[in-house]
Amino acid sequence: MSGYFSDFAPLAYDPQGSGPGFRHYDPNEVVMGKRMEDHLRFAVCYWHSFVWEGGDPFGGQTFRRPWFPGDTMDLAKLKAEAAFDLFRILGVPYFTFHDHDVRPEGASLTESRRRLEEMADLFETKMAAGGPKLLWGTANLFSNRRYMAGASTNPDPEVFAYCAATVRACMEVTHRLGGENYVLWGGREGYETLLNTDLTQELDHMGRFLNLVVEHKHRIGFKGAILIEPKPQEPTKHQYDFDVATVYGFLKRYGLEQEVKVNIEQGHAILAGHSFEHELAMANALGIFGSIDMNRNDQQSGWDTDQFPNSVPEAALAYYEVLRGGGFSTGGTNFDAKLRRQSLDAEDLVMAHAEAMDVCARGLKAAARMLEEEALEGPRRARYAGWAKPEAQAMLGAGASLASIADRAEAEGIDPQPASGRQERLEAVVNRYV
Ligand code: XUL
Ligand code: CO
């Protein structure tokens, strides 16, 4: 126990209460035949909650935490105590971390690995004593200046090798801790200017690196999913993992579409000019849906603001796509979310998560009702009903050709009649549920 959250007992489902607790998230409530906890699979991230100091481009640290600056192993252990205290108070089933969040970097690669392993020993004890499980681990290949020009896409091959050592250490610790996924977010995998960039070479290096990661996964017997997290820009001007469709094209090109899935973040979808539900639906359509980072952007800022989810309609449309695709398997709902820099207190950390969990619970329940009552699926099916007819199916079959279809169309003198898409009425249907 760190003492940092000593004002808080574990939060309970307390629908009528006014103190700290959940108003809508009851982990045991059964929704579409499954406990809510098992649907949502909440995870708290280590980095924004325990590492971020509250800085912005105009000013530095606003938060004061007893474990800052976290640059010794003793402070890293104090931070871990606080992190596991918060996990216990929230009752979340999972957490997520970067290597960089949990241990100070050592003087050499070997020392960095040993420090990570030492922290994993502590995590193992805490996890065995009823702590949360690991949703995913990941390596920070973007903060240190060595990654300034890229990680696996760096023009310097020594950086590629450094990344291999870092990712191996982090994958192996993730495996040891029973992690259910391993995430790669290409924070510096992109370019600032085409004037100095060999795009072809950088993409090939990234494809090779990801193949090496997948090979290593199989070599060590890691059964979790490897996930890429798309983002269009920030920190680089153009990131290679721009959005779900771009990642799919990349995976196909490097023969990895059966091996790698995506971790989709709401804020990254917004930056890419998409809605969150678009990215989720696209991943389901392409068969690469893995997990979600449930943090939104300010719609006006054009920047990755990583806010806690606070809109029930947005959450409902997101979980609608998750449920429509069959729900999470190895994935879950990770709050890659940070407090606003004026939210200084331990209470802010606790309640931001608790209220976000309530928003997700409301969204999930609304989504489940829309699905169960076929509020959208009925009209959707009706819209495509013509495709159930044998002559329609025949056009998609191997026996059809453009000419055979054209001949039939002319012979029958077909004259298609447009039907209403009923968009406003469907929007009104959604509003009845949220
Ligand atoms: C950055 C981001 C990362 C990844 C993990 O925008 O989302 O925190 O989730 O590296
Ligand atoms: Co993220």
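Structure first, text after, so check above.
Residues numbered from 1 in each chain as written. Chains lettered and ligands numbered in written order. Predicted model: local features only at pLDDT ≥ 70, side-chain atom pairs only at ≥ 80, totals over all residues. Heavy atoms only, no water.

**Regarding a nonpolar patch on the surface**
Stage number 1. Taken together, the side chains of Y384, W387 and L396 define a hydrophobic patch exposed on the protein surface, amounting to about 360 Å² of accessible area.
Stage number 2. Here W387 lies in the loop between α13 (377–383) and α14 (390–396). (Patch = residues over 30% accessible without salt bridge, like charges linked within 9 Å, V, L, I, M, F, W, Y side chains within 5 Å. Areas by Shrake-Rupley, 256 points an atom, 1.4 Å probe, with all protein chains shown as cover. Salt bridge = Lys/Arg side-chain N within 4 Å of Asp/Glu carboxyl O. Helix = DSSP H or I, 4+ residues; strand = E, 2+ residues; numbered from the N terminus.)

**Quick look at the pattern of salt bridges**
Stage number 1. Counted under the stated rule, the structure contains 26 salt bridges.
Stage number 2. E118 serves as the salt-bridge partner of K77, at 2.6 Å between the closest nitrogen and oxygen. Linking K77 in helix α3 (residues 73–90) with E118 in helix α5 (residues 109–128), this pair joins segments that are 41 residues apart in sequence.
Stage number 3. Relative accessible area serves as the criterion here: at 35%, E118 is assigned to the partly exposed category.
Stage number 4. A single network of salt bridges, built from pairs that share partners, joins E321, R324, E377 and R380. (Buried < 20%, exposed > 50% of the residue type's maximum accessible area, 1.4 Å probe, protein only.)

**A closer look at empty space enclosed by the protein**
Stage number 1. Taken as a whole and assessed by the stated rule, the structure comprises five cavities of 30 Å³ or more.
Stage number 2. A volume near 180 Å³ is recorded for the largest cavity.
Stage number 3. As for the largest cavity, its lining consists of 18 residues, of which S152, L184, G186, E189 and M206 are closest to the centre.
Stage number 4. Per-element accounting of the lining of the largest cavity gives the leading share, four residues, to strand β6 (residues 181–185).
Stage number 5. Partitioning the lining of the largest cavity into residue classes produces 13 nonpolar, three polar and two charged.
Stage number 6. Space inside the second largest cavity adds up to approximately 40 Å³. (1 Å grid on protein atoms, 1.4 Å probe; cavity = no way out; pocket = protein on both sides within 12 Å on 5 of 7 lines; lining within 4 Å. Points joined across faces, edges and corners; volume = space filled by probe spheres on them. Nonpolar A, V, L, I, M, F, W, Y, C, P; charged D, E, K, R; others polar.)

**Let's talk about the state of the cysteines**
Stage number 1. Per the counting criterion, the structure on display carries zero disulfides.
Stage number 2. Free cysteine: C45, not disulfide-bonded; nearest cysteine sulfur from C360 at 14 Å. (Disulfide = S-S within 2.5 Å.)

**A closer look at the packing of α5 against helix α6 (residues 157–176)**
To describe two helices that pack against each other, one gives the angle between their axes and the distance between the axes.
Stage number 1. Relative to each other, α5 and α6 sit at 15°, their axes nearing to 10 Å. Compared by their axis directions, α5 and α6 come out roughly parallel. The two elements α5 and α6 cross, and the hand of that crossing is right-handed. In this structure, α5 uses L109, R113, L116, E117, A120, D121 and E124 to contact α6, whose residues at the interface are Y162, A165, T166, R168, A169, C170, V173 and R176.
Stage number 2. Residue composition of the contact of α5 with α6, by class: eight nonpolar, one polar and six charged. (Axes fitted to C-alpha atoms, helices over the stretch in contact; angles between N-to-C directions. Parallel < 35°, antiparallel > 145°, perpendicular 65-115°, else oblique. Left-handed = near helix turned anticlockwise from the far one by under 90°. Contact = heavy atoms within 4.5 Å.)

**Here we look at the pairing of strand β10 (residues 260–265)**
Stage number 1. Counting buried residues along β10, five of its six residues qualify, which places the element largely inside the surrounding structure.
Stage number 2. Pairing between strand β8 (residues 225–229) and β10: three bridges, direction parallel. When the bridges of β10 are listed, I226 appears paired with V260.
Stage number 3. The sheet contact formed by β10 and strand β11 (residues 289–293) spans four bridges and is parallel. Residue pairing in the sheet places V262 in a bridge with F289 of β11. (Pairing = 2+ DSSP bridges.)

**Some thoughts on the coordination of the cobalt ion (ligand 2)**
Stage number 1. In the first shell of the cobalt ion (ligand 2), the protein supplies E229 (OE), E265 (OE), D293 (OD) and D336 (OD), at 2.0 to 2.1 Å from the metal.
Stage number 2. In this structure, the cobalt ion (ligand 2) is surrounded by six donor atoms whose angles at the metal cover 79 to 175°, and the resulting shape is octahedral.
Stage number 3. Along the chain, the residues donating to the cobalt ion (ligand 2) are arranged with the sequence spacing E-x35-E-x27-D-x42-D. Here E229, found in strand β8, pairs with E265, found in strand β10; they are 36 residues apart in sequence, far enough to count as distant. (Donors = N, O, S within 2.8 Å, 3.2 Å for Na, K, Ca; no water. Tetrahedral: all angles 85-135°; square planar, octahedral: opposite > 155°, others 65-115°.)

**So, helix α11 (residues 312–324)**
Stage number 1. Taking 1.5 Å of rise per residue, the 13 residues of α11 would be expected to cover 18 Å, and the 18 Å separating its terminal C-alpha atoms lies within 8% of that figure.
Stage number 2. Of all the residues in α11, the buried ones are V312, A315, A316, A318, Y319, Y320, E321, V322 and L323.
Stage number 3. Residues of α11 that are buried in the fold lie against α1 (36–40), α10 (276–286), β11, β12 (333–335), α12 (346–372) and α13.
Stage number 4. The positive-phi residue at the C-terminal boundary of α11 is G326, with phi of around 100°. (Expected span 1.5 Å × (residues − 1).)

**Focus: the side chain of D101**
Stage number 1. Secondary-structure assignment places D101 in helix α4 (residues 99–102).
Stage number 2. For the buried D101, no salt bridge exists, and the shortest N-O distance to an oppositely charged side chain is 6.6 Å, to K79.
Stage number 3. Within the structure, the side chain of D101 is placed 2.7 Å from the backbone nitrogen of H98, a separation counted as a polar contact.
Stage number 4. What D101 contacts, discounting residues up to four positions off in sequence, is Y46, W47, V51 and K79. (Lys, Arg positive; Asp, Glu negative; His and termini not counted. Polar contact = N/O pair within 3.5 Å; in protein donor to acceptor, adjacent residues only side chain to side chain.)

**Some points on the packing of aromatic side chains**
The geometry of an aromatic ring pair comes down to the distance between the two centres and the angle between the two planes.
Stage number 1. Under the counting rule described, the total for this entry stands at 26 aromatic pairs.
Stage number 2. On the basis of an interplanar angle of 50° and a centroid distance of 5.8 Å, the ring pair of F50 and W67 is categorised as tilted. Here the residue F50 occupies a position in helix α2 (residues 46–50), and W67 occupies one in the loop between α2 and α3, the gap between them amounting to 17 residues. Across this residue pair, the class does not change: F50 and W67 are buried.
Stage number 3. Centroid distance Y191 to Y240: 6.3 Å. Interplanar angle 55°. Geometry classified as tilted. With Y191 in strand β7 (residues 190–191) and Y240 in the loop between β9 (238–239) and α8 (244–253), the pair connects residues that are 49 residues apart, well separated along the chain. (Phe/Tyr/Trp six-rings, centres within 6.5 Å; stacked < 30°, edge-to-face > 60°.)

**A closer look at the pairing of strand β5 (residues 133–138)**
Within a regular strand, the side chains alternate between the two sheet faces.
Stage number 1. A large share of β5 lies buried, amounting to five of its six residues.
Stage number 2. In this structure, strand β4 (residues 94–98) lies alongside β5, joined through five bridges in parallel fashion. Note on β5: the bridge partner recorded for F95 is L134.
Stage number 3. Pairing between β5 and β6: three bridges, direction parallel. Along β6, the bridge assignment pairs G137 with Y182.
Stage number 4. At this point the chain moves from β5, through α6, to the parallel β6, and the crossover so formed is right-handed. (Right-handed = clockwise from strand over helix to strand, strands pointing away.)

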